[in-house]
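# Commentary on secondary and tertiary structure
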Amino acid sequence: MSQFNTITVKNLSKCYDQSNVEEKKYVLENVNLHLKPGEFYILLGPSGCGKSTLLNIIAGFISKTKGEVLIDGQEIVKPGRERGIVFQNSDASLFPWLNVRENIEFGLKMKKMPLVQREKLSQKYIQLVGLEGHEKKYPSELSGGMKQRAQIARVLVNEPEILLMDEPFGALDAQTRRVLQKEVVHIWQQTKKTVIFVTHDIQEALIIGQKIGIMSKSPSACIYQEYDVHLQYPRDVTGRRFNLLYQTILGEMENGVEIGGDRI
Ligand SMILES: Nc1ncnc2c1ncn2[C@@H]1O[C@H](COP(=O)(O)OP(=O)(O)O)[C@@H](O)[C@H]1O
Ligand SMILES: [Mg+2]
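Bear in mind the structure is a predicted one, so any value in this text is a computation, not a measurement.

This brings us to the site of ligand 1. All residues in the neighbourhood of ligand 1 are listed as Tyr16, Val27, Pro46, Ser47, Gly48, Cys49, Gly50, Lys51, Ser52 and Thr53. A distance of 2.5 Å is found between an oxygen atom of ligand 1 and a side-chain nitrogen or oxygen belonging to threonine 53. Alone, ligand 1 offers 560 Å² of accessible surface; in the complex the protein occludes 54% of this. Taken together, the residues of the shell around ligand 1 break down into four nonpolar, five polar and one charged.

Structure (structure tokens):
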């Protein structure tokens, strides 16, 4: 078992407004969350509710206003090697002047890893994300799905114990999304990482997640309901239990978003 893998968020609140006005608006208020080692957790919520804010606080990119974020009991204060982040917009994170292999190896090169070791590692992850045969292509020659695969490999190659994914398939067409959803489950099963995956899509959440945390609408958003998804992989989207859960969550979100932070 790796060293870093539980994530605990305790009464976390975030206010972007730094001024001393009494009526500060909290984007997040009293968010509580606990992930066991190797758990695949989905943060599900409407657009603008604060999913990216929460993920970026866990990543250590932005500061919190109140509360605690702990990784294996240690308060996080800045980004760390044990947390790998995959963003929605892969265009912004791949270097256009480097090919797929060079992009994937970039972080390892920065760490001064010897060439042979670097190549071995990048090859492993190129295969894992299904990019064999495309190693020499530049980002401009890749489809959206391939860019996203490259982006995932670039994060995985650093072997972080925790994977934070912010709507990674949001910009892709439905078919590519389906393929990558299966792929990400496969990667998780292979690597046993602790994963937080952000989405606003209920079906996506049910296709890939073990546990789903539903966020209420901002301001004062929090995780007000959690579901354990006891369905086998690969998930059958036409199955009765899948659809029952889909309808339940849909109803929950339609009601829950209005009452926001009042429900825990
Ligand atoms: N840097 C920022 N400064 C001020 N407000 C922000 C900033 N980033 C996000 N917000 C606000 O916080 C709320 C939540 O945003 P975000 O976390 O991006 O939501 P989501 O990812 O769920 O769509 C929104 O109202 C957004 O406008
Ligand atoms: Mg977002």
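Listed as buried for helix α3 (residues 100-110) are Val100, Asn103, Ile104, Glu105 and Leu108. For α3, the N-terminal cap is asparagine 99; the gap from its side-chain oxygen to the backbone nitrogen of arginine 101 is 3.1 Å. One or two residues past the end of α3 sits lysine 112, with phi positive at roughly 65 degrees.

Our focus in this paragraph is the side chain of lysine 14. Here lysine 14 is to be found in strand β1 (residues 7-14). Buried charge lysine 14 goes without a salt bridge, the closest partner of opposite sign being aspartate 17 at 11 Å.

Moving on, we get to the pattern of salt bridges. Per the stated rule, a full pass over the model turns up ten salt bridges. A salt bridge links lysine 51 to glutamate 167, with the nearest nitrogen and oxygen atoms 3.9 Å apart. Remark: glutamate 167 occurs in the loop between β7 (162-166) and α6 (174-191) and lysine 51 occurs in helix α1 (residues 51-59); sequence separation between them is 116 residues. Here the two residues lysine 51 and glutamate 167 agree in accessibility, since each one is buried. The salt bridge partner of arginine 177 is glutamate 204, with a shortest N-O separation of 3.3 Å.

This brings us to the domain arrangement of the chain. Taken domain by domain, the chain comprises domain 1 (7-82 + 163-262) and domain 2 (94-159). Every contact between the two is made by 15 residues of domain 1 and, on the other side, eleven residues of domain 2. Overall, the association of domain 1 and domain 2 removes approximately 1,100 Å² of surface from exposure, summing both partners, and the carbon and sulfur fraction of that is 73%. Connecting domain 1 to domain 2 are one salt bridge. Two residues, glutamate 183 and arginine 149, come together in a salt bridge whose shortest N-O distance is 3.6 Å.

In this section: α1. Of all nine residues that make up α1, eight are buried, and the element is covered over most of its length. Burial in α1 covers these residues: Lys51, Thr53, Leu54, Leu55, Asn56, Ile57, Ile58 and Ala59. Looking at the residues trailing α1, positive phi occurs at glycine 60, about 90 degrees.

What follows deals with the sheet that holds strand β4 (residues 66-71). The strand order across the open sheet built from four strands is β2-β1-β4-β5, with neighbouring strands paired in antiparallel fashion. Either end of the sheet is taken by a strand with one partner, and the two such strands are β2 (28-35) and β5 (74-75). Of the pairings in the sheet, the one linking β4 to β5 comprises two bridges and is antiparallel in character. In the strand pairing of β5, leucine 70 is matched with glutamate 75. Across the face of the sheet, α1 comes into contact with β1, β2 and β4 while running at roughly 125 degrees to β1.

Conventions we followed
Residues numbered from 1 in each chain as written. Chains lettered and ligands numbered in written order. Predicted model: local features only at pLDDT ≥ 70, side-chain atom pairs only at ≥ 80, totals over all residues. Heavy atoms only, no water. Near = heavy atom within 4 Å. Polar contact = N/O pair within 3.5 Å; in protein donor to acceptor, adjacent residues only side chain to side chain. Areas by Shrake-Rupley, 256 points an atom, 1.4 Å probe, with all protein chains shown as cover. Nonpolar A, V, L, I, M, F, W, Y, C, P; charged D, E, K, R; others polar. Buried < 20%, exposed > 50% of the residue type's maximum accessible area, 1.4 Å probe, protein only. Helix = DSSP H or I, 4+ residues; strand = E, 2+ residues; numbered from the N terminus. Lys, Arg positive; Asp, Glu negative; His and termini not counted. Salt bridge = Lys/Arg side-chain N within 4 Å of Asp/Glu carboxyl O. Domains from an automatic or database assignment. Contact = heavy atoms within 4.5 Å. Buried area = accessible area lost by both parts, 1.4 Å probe. Pairing = 2+ DSSP bridges. Axes fitted to C-alpha atoms, helices over the stretch in contact; angles between N-to-C directions.

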